[in-house]
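These are the residues of each chain, in order.
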Amino acid sequence: MTDKNQTLRRDGLKIVREFRAPKSLVFQAFSTAEAFAEWWGPVGMPITILHFNFKKNGKLHYKMEGNGQVMWGLFKYHNIVNPDLIEFVNSFSDEVGNICRPPFPIEFPLEIFNQMTLAEKNGITTVTLAGHPINATPEQEATYFSMIANMRQGFEGTLNQLESYLIKIQK
C-alpha cells in the first residue's frame, strides 16, 4: 500500500459545501423529518421516512424508491450539538431497520461514520461532511476508498437538492 492510499484511509470522504442560509436553517433541514424527506437521497429517488428520532442515540430509518428500485437506509445518531454538529453512522438496512448489505453486488462496509460540522459567516453556512468506514473488513474498506469519487458525485446531487430546499423555504 502506498503512502497516498494510507492518507486516504485516514481522511476518508470529505465534502465542503457553502449555502446562502443561516446555520440554524441548514441544521433544521437535517433535524426534522418533514424537511429531511424533501431533499435527502439520490436525485430521482424520493424518500419516505419510516422512523425519525433526531437526538443522541436516536435513529432515522427511511425508504428510497425510484428507477425501479427500492432501498432502505438507516442513520444512528451518536452526537448532536445544535446547530454546530451532527455525528451519525449510516448503513443500508432492510424494511424493518436491520443493518444489511447494500442492494448491489460489491463488498461495501456495513457502517459508515459521518461527522457533519456547520459554521456560519456573513449569512453563509459552510457544511463539512467527513466520513469513513467502521467495523469493516480490509476488502470493504478498499471498496469504500475506491468509490470516493462516486460518493462525492452522489452527495453533490443530494446537496444540490438541499440548496434548492433552502432557497424555497427562504422565499
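Residues numbered from 1 in each chain as written. Predicted model: local features only at pLDDT ≥ 70, side-chain atom pairs only at ≥ 80, totals over all residues. Heavy atoms only, no water.

*Asks:* How should I be thinking about unusual backbone geometry in this particular structure?
*Replies:* Glycine aside, a negative phi is what most residues show, and trans is what most peptide bonds show. A cis geometry characterises the amide bond from Asn 82 onward to Pro 83, with omega recorded as 0°. Among the secondary structure elements, Pro 83 is positioned in the loop between strand 4 (69–81) and strand 5 (85–93). Phi at Asn 67 takes a positive value of approximately 55°, unusual for a residue other than glycine. Positionally, Asn 67 belongs in the loop between strand 3 (59–66) and strand 4. Judged by relative accessible area, Asn 67 falls into the exposed class, the value being 70%. Of note in this structure, Asn 135 is not a glycine but carries a positive phi near 55°. Mapped onto the fold, Asn 135 is located in the loop between strand 7 (124–134) and helix 4 (138–146). (Helix = DSSP H or I, 4+ residues; strand = E, 2+ residues; numbered from the N terminus. Buried < 20%, exposed > 50% of the residue type's maximum accessible area, 1.4 Å probe, protein only.)

*Asks:* So what exactly am I meant to see when it comes to the packing of helix 2 (residues 23–31) against helix 5 (residues 148–170) here?
*Replies:* It is the contact of helix 2 with helix 5, at a shortest axis distance of 11 Å, that shows an interaxial angle of 115°. Both helix 2 and helix 5 take part in a crossing whose hand is right-handed. Every residue of helix 5 that contacts helix 2 at Leu 25, Val 26, Gln 28, Ala 29 and Phe 30 is listed here: Leu 162, Tyr 165, Leu 166, Ile 169 and Gln 170. When grouped by side-chain class, the residues that make up the contact of helix 2 with helix 5 number eight nonpolar, two polar and no charged. (Axes fitted to C-alpha atoms, helices over the stretch in contact; angles between N-to-C directions. Left-handed = near helix turned anticlockwise from the far one by under 90°. Contact = heavy atoms within 4.5 Å. Nonpolar A, V, L, I, M, F, W, Y, C, P; charged D, E, K, R; others polar.)

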